[in-house]
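Residue-level listing of the chains:
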Amino acid sequence: SGTTVSLVLGLALVVLLMAASGVLVAAETSLLHIRRAQAEVLADSGTETDDGVDRSDLLDLLDDRVRGLGPLLFVLMAFRLSAAGLLAIVVADRVGATWAALALAGLLVAGFALVDVLPRTVALRTTDRLALRLAPLVRTLGRIRLLRWIALGLVNFSAVSYTHLTLPTSDL
């Protein structure tokens, strides 16, 4: 029936959003942990034609990691919130709010293990290779004007808010 199809389609979309989140988590982790010197060695070690990877993307992202990762982090948040919201709607519509709450708890546990811890572990063990391979994806996200505008606007707002935050010297 139509409800079963929408349930299966909704759950498939949740899985797809969470899988995409895992890729973005791996990209974030590898780009935050690669050393600039190592990235320069990687960039000098081959050309784009060697393996289809544009090595300049990696160095460009490392020039300003906060701004380079802003769009990625925004999309990551959007994917995770969308997955949770969609799961809640699909399950609540089909079997009720109690089951929706249980499904969200399951998503939290599975998401933490499979979409956060696992990709971070893989990224930390293969930082160089993942940073090089995923840098073009991150740069592509940063080239989407509306996304870049929103993400970097929020980054700039956060930076301004942070610079105005002061602690009394007695608290230090």
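Preceding this paragraph is the structure being described.
Residues numbered from 1 in each chain as written. Predicted model: local features only at pLDDT ≥ 70, side-chain atom pairs only at ≥ 80, totals over all residues. Heavy atoms only, no water.

Draft legend 1. Highlighting the overall build of the chain. For the chain, the helix and strand inventory stands at eight helices and zero strands. For the chain, the α and β elements follow one another from N to C terminus as α-α-α-α-α-α-α-α. Considering the chain as a whole, with its 172 residues, one finds that 35% of them fall into the buried category. In the chain, once contacts between residues fewer than 6 apart in sequence are set aside, the share between residues at least 24 apart is 80%. (Helix = DSSP H or I, 4+ residues; strand = E, 2+ residues; numbered from the N terminus. Buried < 20%, exposed > 50% of the residue type's maximum accessible area, 1.4 Å probe, protein only. Contact = heavy atoms within 4.5 Å.)

Draft legend 2. Structural view of a nonpolar patch on the surface. A contiguous nonpolar patch, built from Val95, Trp99 and Leu102 and spanning about 330 Å² of accessible area, is present on the exposed surface. Turning to its location among the elements, Val95 is positioned in helix H5 (residues 65-95). The exposure class assigned to Val95 is partly exposed, which follows from its relative accessible area of 48%. (Patch = residues over 30% accessible without salt bridge, like charges linked within 9 Å, V, L, I, M, F, W, Y side chains within 5 Å. Areas by Shrake-Rupley, 256 points an atom, 1.4 Å probe, with all protein chains shown as cover. Salt bridge = Lys/Arg side-chain N within 4 Å of Asp/Glu carboxyl O.)

Draft legend 3. Inspection of the pattern of salt bridges at higher detail. Per the counting criterion, the structure on display carries nine salt bridges. When the shortest N-O distance is used, the salt bridge between Arg139 and Asp57 registers 3.4 Å. Separated by 82 residues along the polypeptide, Arg139 in helix H7 (residues 127-142) and Asp57 in helix H4 (residues 56-63) bring together distant segments of the chain. Residue class for Arg139 comes out partly exposed when judged on its relative accessible area of 22%. On the accessibility criterion, Asp57 (5% relative accessible area) is buried. Salt bridges sharing partners connect three or more residues here, namely Glu28, Arg80, Asp116 and Arg120.

Draft legend 4. Broad picture of the side chain of Asp116. Among the structural elements, Asp116 can be located in helix H6 (residues 97-125). On the accessibility criterion, Asp116 (16% relative accessible area) is buried. Within the local environment of Asp116, its side chain forms a polar contact with the side chain of Arg80, the two groups lying 3.0 Å apart. The contact partners of Asp116, leaving out residues within four places of it in the chain, are Val25, Arg80 and Gly111. (Polar contact = N/O pair within 3.5 Å; in protein donor to acceptor, adjacent residues only side chain to side chain.)

Draft legend 5. Focus on the nonpolar core. In this structure, Leu31, Ile34, Leu58 and Val138 are the most contacted members of the largest nonpolar core, which totals 26 residues. If you list the elements that add at least two residues to this core, you get helix H1 (2-33), helix H2 (36-44), H4, H5 and H7. Take this core: its biggest share by element is seven residues, from H7. Those residues in contact with Val138, other than ones at most four positions away along the chain, are Ala27, Leu31, Leu61, Gly68, Leu69 and Leu72. (Core = buried A, V, L, I, M, F, W, Y, C linked by side-chain atoms within 4.5 Å.)

Draft legend 6. Representation of the packing of H2 against H4 within the structure. Running from amino to carboxyl end, H2 crosses H4 at an angle of 160°, the nearest separation of the two axes being 9 Å. What the angle tells us is that H2 and H4 run roughly antiparallel. Handedness of the H2/H4 crossing: left-handed. Side by side, H2 and H4 meet where Arg36, Ala39, Glu40, Leu42 and Ala43 of the first sit next to Leu58, Leu59, Leu62 and Asp63 of the second. (Axes fitted to C-alpha atoms, helices over the stretch in contact; angles between N-to-C directions. Parallel < 35°, antiparallel > 145°, perpendicular 65-115°, else oblique. Left-handed = near helix turned anticlockwise from the far one by under 90°.)

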